[in-house]
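Coordinates in review
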Amino acid sequence: METNIISLEIPKDCNLIVGHTHFIKTIEDLYEVMVSTSAQVKFGIAFCEASGPCLIRHEGNDEQLIKVAVRNSELLGCGHSFVILLKDAYPINFLNAIKNCPEVCTIHCATANPVQMIVAESGQGRGILGVIDGSSPKGIETEGDRKERKQLLRKFGYKLD
């Protein structure tokens, strides 16, 4: 077995969700999750089929994000993995709906940070072992940092004043 680190592309002002699923209809179900959760979200989804023709299936409502999702899936090359790129929305608004999709087994990450996927490769294929999401901690939150965090959450509308 060989392991590789794959850096994924995240366009400016976008977020990424990577997960694992088990069935070809996931691509359409995830499309429905995205459009039924938010009317304004722009997104692209790619899904690596793991049997039959083993194609990268793709859907979305933004051609550029679809292309980047497909490129990321090509780089990963992991059976039954999916990549969603979204713009004009945050992953937090979609995660529960995605987790409730019957085919979805795991969400590996949901982030706007630089992402590296740790991928194993055997004679059979490739699989995701883990994820490196952003950077390591640089210190412990101070009272000033805490105040900034709370202000940011209120600015985004996730907490009341």
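Quick caveat: nothing in here was measured; it's all calculated off a predicted structure.

Further remarks concern the packing of aromatic side chains. For any pair of aromatic rings, geometry is given as the distance between the ring centres together with the angle between the planes. Counted under the stated rule, the structure contains 2 aromatic pairs. Arranged with centres 5.4 Å apart and planes meeting at 55°, the rings of tyrosine 31 and phenylalanine 43 form a pair that is tilted. Taken together, the positions of tyrosine 31 in helix α1 (residues 26-37) and phenylalanine 43 in strand β3 (residues 42-48) put the pair 12 residues apart, joining distant regions of the chain. When its relative accessible area of 0% is taken as the criterion, phenylalanine 43 is described as buried. Taken together, a centroid distance of 5.4 Å and an interplanar angle of 40° make the contact between tyrosine 90 and phenylalanine 156 tilted. Placement of the pair is tyrosine 90 in the loop between β5 (81-87) and α3 (95-99) and phenylalanine 156 in helix α4 (residues 143-156), with a sequence separation of 66 residues.

Let us look at the sheet that holds strand β8 (residues 126-133). Read from one edge of the open sheet, 3 strands run β1-β7-β8, paired in antiparallel fashion. In this open sheet, the two edge strands, each paired with only one partner strand, are β1 (2-8) and β8. Direction aside, the axes of adjacent strands within the sheet are offset by 25° on average. As paired elements, strand β7 (residues 115-121) and β8 share 7 bridges and run antiparallel to each other. If you follow glutamine 116 over to β8, its bridge partner there is isoleucine 132. Relative to the sheet, helix α2 (residues 63-76) contacts β1, β7 and β8, its axis offset from that of β1 by approximately 165°.

Conventions adopted
Numbers given for residues are sequential positions, taken from 1 along each chain in its written order. Residue-level local features of this predicted model are given only where pLDDT is at least 70; pairs of side-chain atoms are given and counted only at 80 or more, and the full residue set underlies all totals for whole chains, interfaces and linings. Excluded from the side-chain calculations are hydrogens and water; all other atoms, namely the structure's heavy atoms, are used. By convention, a stacked pair of Phe, Tyr or Trp rings (six-membered ring in the case of Trp) has centres within 6.5 Å and planes under 30 degrees apart, an edge-to-face pair has planes over 60 apart, and any other such pair is tilted. Secondary structure elements follow DSSP: runs of H or I no shorter than four residues count as helices, runs of E no shorter than two count as strands, and numbering proceeds from the N terminus. Each residue gets one of three labels from its accessible area relative to the maximum for its type: buried under 20%, exposed over 50%, partly exposed in between, using a 1.4 Å probe on protein chains only. Two strands make a pair as long as DSSP finds a minimum of two bridges between them. Between the N-to-C directions of two axes lies an angle of 0 to 180 degrees, each axis being a line fitted to C-alpha atoms and, for a helix, fitted only over the stretch in contact. Note on contacts: a residue pair is in contact if any heavy atoms of the two residues lie within 4.5 Å.

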